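# Chains, contacts and geometry: an overview
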Amino acid sequence: MANKQYSSKMILTITIVVAIVLVVLIWPLSMIGKGGSAAGGGDDAELRILPVARVEMKKAAVKSDGKPRDGATVYNAVCMVCHASGVAGAPKTGDKAAWAPRIAAGNATMLKNATNGKGAMPARGGAADLSDAELKAAVDYLVSKAK
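Read on for an overview of the structure.

Scoring rules and cut-offs
Residues numbered from 1 in each chain as written. Predicted model: local features only at pLDDT ≥ 70, side-chain atom pairs only at ≥ 80, totals over all residues. Heavy atoms only, no water. Salt bridge = Lys/Arg side-chain N within 4 Å of Asp/Glu carboxyl O. Helix = DSSP H or I, 4+ residues; strand = E, 2+ residues; numbered from the N terminus. Buried < 20%, exposed > 50% of the residue type's maximum accessible area, 1.4 Å probe, protein only. Expected span 1.5 Å × (residues − 1). Bend = angle between axes of the 7 residues up to and from the residue. Contact = heavy atoms within 4.5 Å. Axes fitted to C-alpha atoms, helices over the stretch in contact; angles between N-to-C directions. Parallel < 35°, antiparallel > 145°, perpendicular 65-115°, else oblique. Left-handed = near helix turned anticlockwise from the far one by under 90°. Nonpolar A, V, L, I, M, F, W, Y, C, P; charged D, E, K, R; others polar. 1 Å grid on protein atoms, 1.4 Å probe; cavity = no way out; pocket = protein on both sides within 12 Å on 5 of 7 lines; lining within 4 Å. Points joined across faces, edges and corners; volume = space filled by probe spheres on them.

## Overview of the pattern of salt bridges
Applying the stated rule across the entire model yields four salt bridges. Across the pair aspartate 129 and arginine 69 runs a salt bridge, and its minimum N-O distance is 3.6 Å. One end of the pair, aspartate 129, is in the loop between α5 (107-116) and α6 (132-146); the other, arginine 69, is in the loop between α2 (42-48) and α3 (71-83), with 60 residues separating them in the sequence. Aspartate 129 gets classed as exposed once you look at its relative accessible area, which sits at 55%.

Right under this line is the structure:
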């Protein structure tokens, strides 16, 4: 029985020695070629992950001479983007069936919706620089096309 205990201790010792050898010799060898982290090398990584390009979307501004723009000019510069093709549920310009319930609600309601936005349409059609008179002219223009 004593021999069995001695052989178990011997096996345990050999296992521990092998584990130490693996940690001391093989682990450093496995690190060869991986490179170390150099101090101040963070700039290279930041340069590699910079975006290739930047895109900025801006609405084309209509050149104004200080005078209020008429309905057709405002429509062509702002409203046509959605109302010509019916984007995001916008009633198409000239579509009498789509405009009939809106016209029945009255110009005041349509002007309020154009001013504050409705559904996917942003307030003032996304053109915050429109005056109240210009916005009213654009609403009147769209209504005239649907009658």
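## Observations regarding α3
The end-to-end C-alpha distance of α3, which contains 13 residues, comes to just 14 Å, noticeably less than the 18 Å that a straight helix rising 1.5 Å per residue would cover. Along α3, the largest kink reaches about 55° and is centred on alanine 77. For α3, the set of buried residues is Gly71, Val74, Tyr75, Ala77, Val78, Cys79 and His83. Contact partners of the buried residues in α3: α4 (96-105) and α6.

## So, the side chain of arginine 124
Relative to the helices and strands, arginine 124 is located in the loop between α5 and α6. Classification of arginine 124 as buried rests on a relative accessible area of 18%.

## As for the packing of α4 against α6
Remark: α4 packs on α6, axes separated minimally by 9 Å, with the N-to-C direction vectors making an angle of 125°. The angle between α4 and α6 falls in the class oblique. The chirality of how α4 crosses α6 is left-handed. Residue-level inspection shows Lys96, Trp99 and Ile103 of α4 in contact with α6, the latter providing Leu142, Val143 and Ala146. Here the residues of the contact of α4 with α6 sort into five nonpolar, no polar and one charged.

## Re the layout of surface pockets
Quantified by volume, the largest pocket comes out at close to 700 Å³. In terms of lining, the largest pocket is formed by 30 residues, of which the most central are His83, Ala90, Pro91, Lys118 and Met121. At the level of elements, α3, α4, α5 and α6 are the ones that each hand at least two residues to the lining of the largest pocket. Of the residues contributing to the lining of the largest pocket, the split by class is 21 nonpolar, five polar and four charged.

## Looking at the environment of alanine 120
Position of alanine 120 relative to the elements: it lies in the loop between α5 and α6. For the pair alanine 120 and glycine 89, spaced 31 residues apart in sequence, the C-alpha separation works out to 7.7 Å.

## Looking at the packing of α3 against α6
Packing of α3 against α6 leaves a shortest axis separation of 9 Å and a crossing angle of 70°. The angle between α3 and α6 places the two elements in the roughly perpendicular class. Of the two possible hands of crossing, α3 and α6 adopt the one that is right-handed. Taken together, the residues of α6 that come into contact with α3 (itself represented by Gly71, Ala72, Val74, Tyr75, Cys79 and His83) are Glu134, Ala137, Ala138, Tyr141 and Leu142. Of the residues assigned to the contact of α3 with α6, the class counts are eight nonpolar, two polar and one charged.

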